[in-house]
Amino acid sequence: MQASVRPALSVNLPPIVTSAAARETPEALAMRMTISKLDFFYGAKQTLFDVSMGIATNKVTSLIGPSGCGKSTLLRTLNRMHETVRGAQLRGEILLDGQSILAQDVTALRRRVGMVFQRPNPFPKSIFDNVAYGLRINGSKVPISEAVEKSLRHAALWDEVKDHLHKSAYELSGGQQQRLCIARALAVEPEVLLLDEPCSALDPISTAKIEELLVQLKDICTITIVTHNMQQAARVSDFTAFLLVGQLIEFSPTPQLFTTPGDPRTEAYITGRFG
Amino acid sequence: MSPRLRWRKFVSGFMLTMTGVCAMVAVSVLFLILGYLAVHGGTSVNWNFFTKLPVPVGETGGGMANAILGSAKMLLLATLFGVPIGFFGAIYLAEFSSGSIAFVVRYAADLLNGVPSIVIGIFAYSLVVHPFRQYSTLAGGFALGLMMIPITLRSTEEFLRGVPNPLREAAMALGASKWKTIATVIVPAAYRGILTAVLLAFARVAGETAPLLFTALGNQFWSPGWTHPTASLPVMIYTYALAPYDDWHRQAWAAGLVLLVLILVINIVARAILSRGIAVPRS
Amino acid sequence: MATTTTIVPSAGPVAGSRSFLSRLREGDEIARMFTFLFAASVVLITVLLVFELWQGSVLSRHKFGFNFFRTSVWDPIFEQFGALPFIYGTLVTAAIALLIAVPLGIGAAIFLAELAPARVSDTLEFFIDLLAAVPSVIYGVLGIFIVVPLMRQYVQPALKLSLGFLPLFQGPAYGVGFLTAGVVLAIMVIPYIISVSREVLLSVPRDQREAALSLGATRWESTWKVVVPFARAGIFGSIFLALARALGETMAVTMVVGNTPMISSSLLSPGYSIAAVIANEFTEATGQLHTQSLIELGLVLFILTFILNGFARLLIVATSKRGSGMGHV
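From a predicted model like this one, the values you see are computed outputs, not experimental measurements. (Residues numbered from 1 in each chain as written. Chains lettered and ligands numbered in written order. Predicted model: local features only at pLDDT ≥ 70, side-chain atom pairs only at ≥ 80, totals over all residues. Heavy atoms only, no water.)

As a further point, take the overall build of chain C. Helix and strand counts for chain C stand at 13 helices and 2 strands. Sequence-distant contacts, at least 24 apart, represent 74% of the contacts inside chain C between residues at least 6 apart. Put simply, chain C shows about 14400 Å² of open surface, and 69% of that area lies on carbon and sulfur atoms. (Helix = DSSP H or I, 4+ residues; strand = E, 2+ residues; numbered from the N terminus. Contact = heavy atoms within 4.5 Å. Areas by Shrake-Rupley, 256 points an atom, 1.4 Å probe, with all protein chains shown as cover.)

Put into structure tokens, the structure is as follows:
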């Protein structure tokens, strides 16, 4: 199955310097998700043009590009959160483990592809109930308190909150709240975790903690992160995709993209000639 | 300072003072009302008032126990009838509806909200009283419930819409279906507001008299069950105040005091619930 | 190069295209239909209300036609029903109420929005909100026992003495009557005018005031010539709202208006109102025509308040939009 999916990455699409990832890490690299020929529209306005790429299993893939380039839109299509916006429409195909995500039940899909948002958005409930939320609505089989502890440990929050699990989540700091949201997403054991600029509302210290966390988390799930901060992409990710006005310009292993970009537009962006 | 400027300054100071006087006059009415009711009715609010039936004309004493129970029964019915319609209707408006249906529902609710209460009485009469040829607790509760619907609906919708979108997204991204998102995240996040809306609607109809005149009618005795005419506090105040007996006037004042205190307390509690903090930070 | 992925042709899966069945399984479709029933029942009730009023007055509408509004004989025995005295009384009492309530209410709203510090303003507004919650039957009680004697003993004799040459202030001082009902109504609607006007005044952008003050206007001039005109539509909205309230008000008016179907130029004389006659006669109406005529009065009241409330809402929404729109510039 993996073999049959992989070629999607190496589709020869002229403007995209691609397939590098596939070339450098050959057989071992499995693709958790595959996006092919994705076009996206908000009403009549097209915001993504013919995007094809793969999300490698147990790796961190980051999406970068200037504001409005479509990176968040692309991320949101991966668990179909775009459907919450009226008039959004997409064309193309997205596969998760070889199966089309568009054909499956959306709530089941979102259990497998979790998401963390720009601003921390804990529910107005206790810390414990926040993490337990996904387990409860999905009818977890494992004991909930164990699963909560495990997720909080994964999110590196356990030691800070273990003594007041039943306090309101709003009493946590912004950085803690964001890690709580990560724990909440991890609790349902997603295969893929999407993060939409998760550090944009946080201070540098909290940001550092979350970056550290992401590197550890890739052992348990596949991570895709949107960031407006190139250094962050360089620090945390294995692969980086650069988007510009809705087009995927370049998609390569991170070190390669930042040291020897294959496209002059990528080079212009990473050297700061774009806003 | 030129005389003209001095004149303009004088006018300014004078008019601004007058606006202050207007505000004081308006607010003092509240305290006048409370004061008069307390003075005239305070001494008559006693154990008998809450436990005794009204006595026949000519005798003194007695109470309004039947009216208090009648009001309580009708308000219970009104809440059971009006709040679910308002609450679930609001959920439909805030979470499920699309443009034109929502517009029609909102329009209907606003229309209903503006209908004079006496007209609500006519409506309840022709719908519930006339077909069964029977004034009843049920009909009174129905009329009051009708009036609770638009208040509950519009404010609940407002509070549901106030729940930040990221919370909806967070729940959906965890694989919650829409109704689970509503039941476990959105409604709990808005519950203070919803509770306030229900309490205010309750307080609003608790003092309504006109819709009860020809639905619940009135009764000097206990009203067993739900299908007989019943006394109610507001109608009792009306009939007692217009009667030519001093002892009835005394009781009308007492009933007015009890009713007003109840309504004001509910209002204050409702506002306190809301201001104890919206549970959700608005970003 | 061939790929194994399926490229969906341009028709593409539409956003939100979860199948009906999957939504049904998740309960979403059930929840949608369930809540829809409640929302639809609100519309149904409203339609039914209009229908009942229309249907319930069919006899009287056909029998009297437009004469219903032009004649002033209200005689249940000979089944002649002309609503003019009630319409007259309703309009006169509402007009008196507005004459008193508008200046007072707007004055108070100006104080609350422009002068009072935020905390004082909020506290006073809290009291005003409580005042709006006082039930009308309690205003009626205070009307009978406090306002009526005051009017009879002091206000009406004084008016006759000073302005008795006007047709407005003639005849014996009953205490009850148009003027008393108007005064009580004024007290009842002031809170509405204050609340809504304060709200629209507060939505006037700060720069409007500052511009006027920087040109050398006094505080009052900036308020009266700049801020109030800016909020004018919304203030009119609050007045329409108050008028709708006053027209439909039943209990307090019934208790102090005198309940006499009379068209008199003197404000001191007793009168009647639409709501009051419905309240008094509905349960005692004998003939079908009598009941139907009362329901037609209800219909008239409904239409009047419907139009006024609609106007009020339009004006208030327009002002707050204008205010917020300008404020962001």
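Quick look at the domain arrangement of chain C now. Residue and element names in this part refer to chain C. Once the domains are mapped, chain C shows domain 1 (2–56) and domain 2 (67–328). Residue-level contacts link 6 residues of domain 1 with 5 residues of domain 2. Summed over both sides, the interface between domain 1 and domain 2 buries roughly 500 Å², with carbon and sulfur atoms accounting for 76% of that surface. A per-residue breakdown of the area domain 1 buries against domain 2 is headed by Val50, Leu53 and Gly56, which together make up 76% of the total. Applying the counting rule to domain 1 against domain 2 returns 0 salt bridges. At the junction of domain 1 and domain 2, the tally comes to 1 residue pair in polar contact (both at pLDDT 80 or more). Within the side of domain 1 that touches domain 2, the residues separate by chemical class into 4 nonpolar, 1 polar and 1 charged. (Domains from an automatic or database assignment. Buried area = accessible area lost by both parts, 1.4 Å probe. Salt bridge = Lys/Arg side-chain N within 4 Å of Asp/Glu carboxyl O. Polar contact = N/O pair within 3.5 Å; in protein donor to acceptor, adjacent residues only side chain to side chain. Nonpolar A, V, L, I, M, F, W, Y, C, P; charged D, E, K, R; others polar.)

Let's shift gears to the interface of chain C and chain B. Listed per partner, the contact involves 73 residues of chain C and 75 residues of chain B. Both sides together, the interface formed by chain C and chain B hides about 6600 Å², and carbon and sulfur atoms give 82% of it. Two residues, C:Glu221 and B:Arg8, come together in a salt bridge whose shortest N-O distance is 2.8 Å. The interface formed by chain C and chain B holds 8 residue pairs in polar contact (both at pLDDT 80 or more) in total. Sorting elements by how many residues they give to the side of chain C that touches chain B places helix H2 (residues 28–56) of chain C first, with 17 residues. Its residues assigned to classes, the side of chain C that touches chain B comprises 50 nonpolar, 15 polar and 8 charged.

On inspection of all chains with the given rule, the structure shows 34 aromatic pairs over all chains. Residues B:Phe87 and B:Phe88 carry aromatic rings whose centres are separated by 5.1 Å and whose planes lie at 70° to one another, so their mutual orientation is edge-to-face. Note on B:Phe88: relative accessible area 25%, which makes it partly exposed. Taking 5.2 Å as the distance between ring centres and 75° as the angle between the ring planes, the aromatic pair formed by B:Tyr245 and B:Trp248 counts as edge-to-face. Residue B:Trp248 is classed as buried on the basis of its relative accessible area, which comes to 13%. The structure contains a cluster of three or more aromatic residues connected by ring pairs, namely C:Phe64, C:Phe66, C:Phe68, C:Phe69, C:Trp74, C:Phe81, C:Phe86 and C:Tyr272. (Phe/Tyr/Trp six-rings, centres within 6.5 Å; stacked < 30°, edge-to-face > 60°. Buried < 20%, exposed > 50% of the residue type's maximum accessible area, 1.4 Å probe, protein only.)

Considering the arrangement of structural elements, one finds A:Thr47 in strand E2 (residues 45–56). Assessed through its relative accessible area of 14%, A:Thr47 is described here as buried.

It is worth spelling out the packing of helix H6 (residues 144–154) of chain A against helix H8 (residues 174–187) of chain A at this point. Residue and element names in this part refer to chain A. Contact pair H6 / H8: the axes reach a minimum separation of 8 Å and the direction vectors enclose 130°. Classified by the angle between their axes, H6 and H8 sit oblique to one another. Note on packing geometry: the crossing formed by H6 with H8 is right-handed. Side by side, H6 and H8 meet where Ser151, Leu152 and His154 of the first sit next to Leu180, Ala183, Leu186 and Ala187 of the second. A breakdown of the residues in the contact of H6 with H8 according to their chemical character gives 5 nonpolar, 2 polar and no charged. (Axes fitted to C-alpha atoms, helices over the stretch in contact; angles between N-to-C directions. Parallel < 35°, antiparallel > 145°, perpendicular 65-115°, else oblique. Left-handed = near helix turned anticlockwise from the far one by under 90°.)

Of all residues in chain A, 88% have pLDDT values of 70 or greater, and the mean over the chain is 84. Here residues 1–27 of chain A scores under 50 on pLDDT; set against residues more than four positions off or in separate chains, the count is 46 contacts. (pLDDT = per-residue confidence, 0-100.)

Turning to the environment of A:His164, a few remarks are in order. Residue and element names in this part refer to chain A. Take His164: it is sitting in the loop between helix H7 (158–161) and H8. With 36 residues separating them in the primary sequence, His164 and Phe128 have C-alpha atoms 8.9 Å apart. There is a polar contact of 3.3 Å between the side chain of His164 and the backbone oxygen of Glu160.

With that settled, the discussion passes to the environment of B:Phe14. Residue and element names in this part refer to chain B. Tracing the chain through its elements places Phe14 in helix H1 (residues 3–41). Taking relative accessible area as the criterion, Phe14 reaches 43% and is therefore assigned partly exposed. Expressed as a C-alpha distance, the spacing of Phe14 and Ala94, which sit 80 residues apart in the sequence, is 48 Å.

Moving on to unusual backbone geometry. All names here are of chain A. Backbone geometry places Asp50, a non-glycine residue, at a positive phi of 50°. Judged by relative accessible area, Asp50 falls into the partly exposed class, the value being 34%. Even without glycine at this site, Ala156 takes up a positive phi of about 55°. Here Ala156 is to be found in the loop between H6 and H7.

We now examine the pattern of salt bridges. Under the definition given, this model contains 30 salt bridges over all chains. Note that A:Arg136 is salt-bridged to A:Asp129, the shortest N-O span being 2.9 Å. Here A:Arg136 falls in the partly exposed class, since its relative accessible area comes to 44%. Bridged by salt links that share partners, the residues B:Arg106, B:Asp110, B:Arg154, B:Glu157, B:Arg161 and C:Arg313 form one connected network.

Our focus in this paragraph is the pairing of E2(A). Residue and element names in this part refer to chain A. Pairing between strand E1 (residues 31–42) and E2: 8 bridges, direction antiparallel. By the bridge assignment for E2, Phe40 is matched with Leu48. What sits between the antiparallel neighbours E1 and E2 is a turn of 2 residues, in which Gly43 has the positive phi angle 60°. (Pairing = 2+ DSSP bridges.)

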